[in-house]
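Breakdown of the fold
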Amino acid sequence: MELLYEGKAKKVYSTDTENVLRIEYKNDATAFNGVKKDNIEGKGILNNLFSSFFFEMLAGKGIKSHFIKKISQTEQLVQSVTIIPLEVIVRNVAAGTLAKRIGKEEGYLMRRPIIELCYKNDALGDPMLNDDHIEVLDIATQFELQEIKAKALEINEVLIAYFKNFNIDLIDFKLEFGKTADGKILLADEISPDTCRLWDATTKQKFDKDVFRRDIAPLRETYQALADKLGIS
Ligand code: UDP
């Protein structure tokens, strides 16, 4: 089947079925907008595992996504959507770029979750946008944006509660949403340790891509340890 798109972590193929795409999770790891790169055996399998698991868990809580089913170790079928070019970042604790921007230590707990919206545009370096920019650039209507934010906060609550069972804190994460042909907004892209920050609540050990970004520990072993902790296989 035809390769429609190749991103940094996934390939998207057409299928015989209308409005159904096949996603292949790659072993490539990138950070800092592609400046740091590696190919890590087993990463695609792990992220397909995590992402399929989280999409299924959210579906069980009534939160729909583009996910249809996992069809192999590295592949899943998804509903075709037009991706809204926004990185919807939900943050519970300041880390990464936010900690730098507001001059707080990483680990600063915020009074409530906050949402940041970034323009999904590698050439521009994914700049942060406000609601006005998003409306005027016709990226999403105000109404759609409210729906996206509400869903993002709902997903945050579900994921926080889930990880709490394993003594893991959900620090922050990035979501992407897409639009179906009939205009419905669906959660899309992926949910994995590539797109979340996850810290052991007691030791603050990192179980996410920061181990790769900051050369803290090997990525595959870290993701495998997380899968083992969560009992996902
Ligand atoms: N994130 C992501 N893709 C991006 C940018 C951020 O998945 O292109 C995730 C990142 O893993 C983290 C959260 O969004 O969980 C917040 O990221 P931040 O803005 O701190 O940027 P970072 O320092 O991680 O690049």
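Presented here is a report on the structure given in the accompanying data block.

About the thresholds
Residues numbered from 1 in each chain as written. Predicted model: local features only at pLDDT ≥ 70, side-chain atom pairs only at ≥ 80, totals over all residues. Heavy atoms only, no water. Buried < 20%, exposed > 50% of the residue type's maximum accessible area, 1.4 Å probe, protein only. Helix = DSSP H or I, 4+ residues; strand = E, 2+ residues; numbered from the N terminus. Pairing = 2+ DSSP bridges. Contact = heavy atoms within 4.5 Å. Salt bridge = Lys/Arg side-chain N within 4 Å of Asp/Glu carboxyl O. Disulfide = S-S within 2.5 Å. Axes fitted to C-alpha atoms, helices over the stretch in contact; angles between N-to-C directions. Parallel < 35°, antiparallel > 145°, perpendicular 65-115°, else oblique. Left-handed = near helix turned anticlockwise from the far one by under 90°.

Below, the discussion takes up the pairing of strand 7 (residues 75–79). Counting buried positions along strand 7 yields four of five residues, so the element is predominantly enclosed. Relative to strand 7, strand 3 (residues 20–25) runs antiparallel, the two being bridged by five bridges. When the bridges of strand 7 are listed, V20 appears paired with Q79. From the end of strand 6 (residues 67–70) to the start of strand 7, which pair antiparallel, there are four residues.

Moving on, we get to the environment of L219. With respect to the helices and strands, L219 occurs in helix 6 (residues 219–230). Its relative accessible area of 4% is what places L219 among the buried residues. For L219 and D194, which are 25 residues apart along the polypeptide, the C-alpha to C-alpha distance reads 9.8 Å. Excluding its chain neighbours within four sequence positions, the residues that come into contact with L219 are A29, I40, K43, K209, V211 and F212.

In this structure the tally under the stated criterion is 25 salt bridges. Close ionic contact of R101 with E116 constitutes a salt bridge, the shortest N to O distance being 3.0 Å. On the criterion of sequence distance, the pair formed by R101 in helix 2 (residues 96–102) and E116 in strand 10 (residues 108–119) is long-range, its members being 15 residues apart. Among the salt bridges present, the one from K149 reaches D131, with a minimum N-O distance of 2.8 Å. Here K149, found in helix 4 (residues 142–164), pairs with D131, found in helix 3 (residues 131–136); they are 18 residues apart in sequence, far enough to count as distant. A relative accessible area of 19% places K149 in the buried class. A relative accessible area of 29% places D131 in the partly exposed class. Bridged by salt links that share partners, the residues R91, R101, E106, E116, D172, R197, D210, R213 and R214 form one connected network.

For the rest of this paragraph, the subject is the state of the cysteines. Counted under the stated rule, the structure contains zero disulfides. C118 forms no disulfide, and the closest cysteine sulfur to it belongs to C196, at a distance of 16 Å.

Axis separation between helix 1 (residues 43–60) and helix 4 bottoms out at 11 Å; the angle between their running directions is 110°. The orientation of helix 1 with respect to helix 4, classified from their angle, is roughly perpendicular. Where helix 1 crosses over helix 4, the two elements pack in a sense that is right-handed. Contact residues: F53, F54, M57 and L58 in helix 1; I155, V158, L159, Y162 and F163 in helix 4.

A separate point is the sheet that holds strand 3. Strands sit in the order 1-2-3-7-6 across an open sheet of five strands; the sheet is antiparallel. The sheet terminates laterally at strand 1 (3–6) and strand 6, the two strands that pair on one side only. Each neighbouring strand pair of the sheet contributes to a mean axis angle of 25°, computed without reference to strand direction. Sheet topology places strand 2 (residues 10–14) next to strand 3; five bridges connect them, and they run antiparallel. Looking across to strand 3, one finds that V12 is bridged to I23. The sheet strands contacting helix 1 are strand 3, strand 6 and strand 7, and the helix crosses strand 6 at an angle near 130°.

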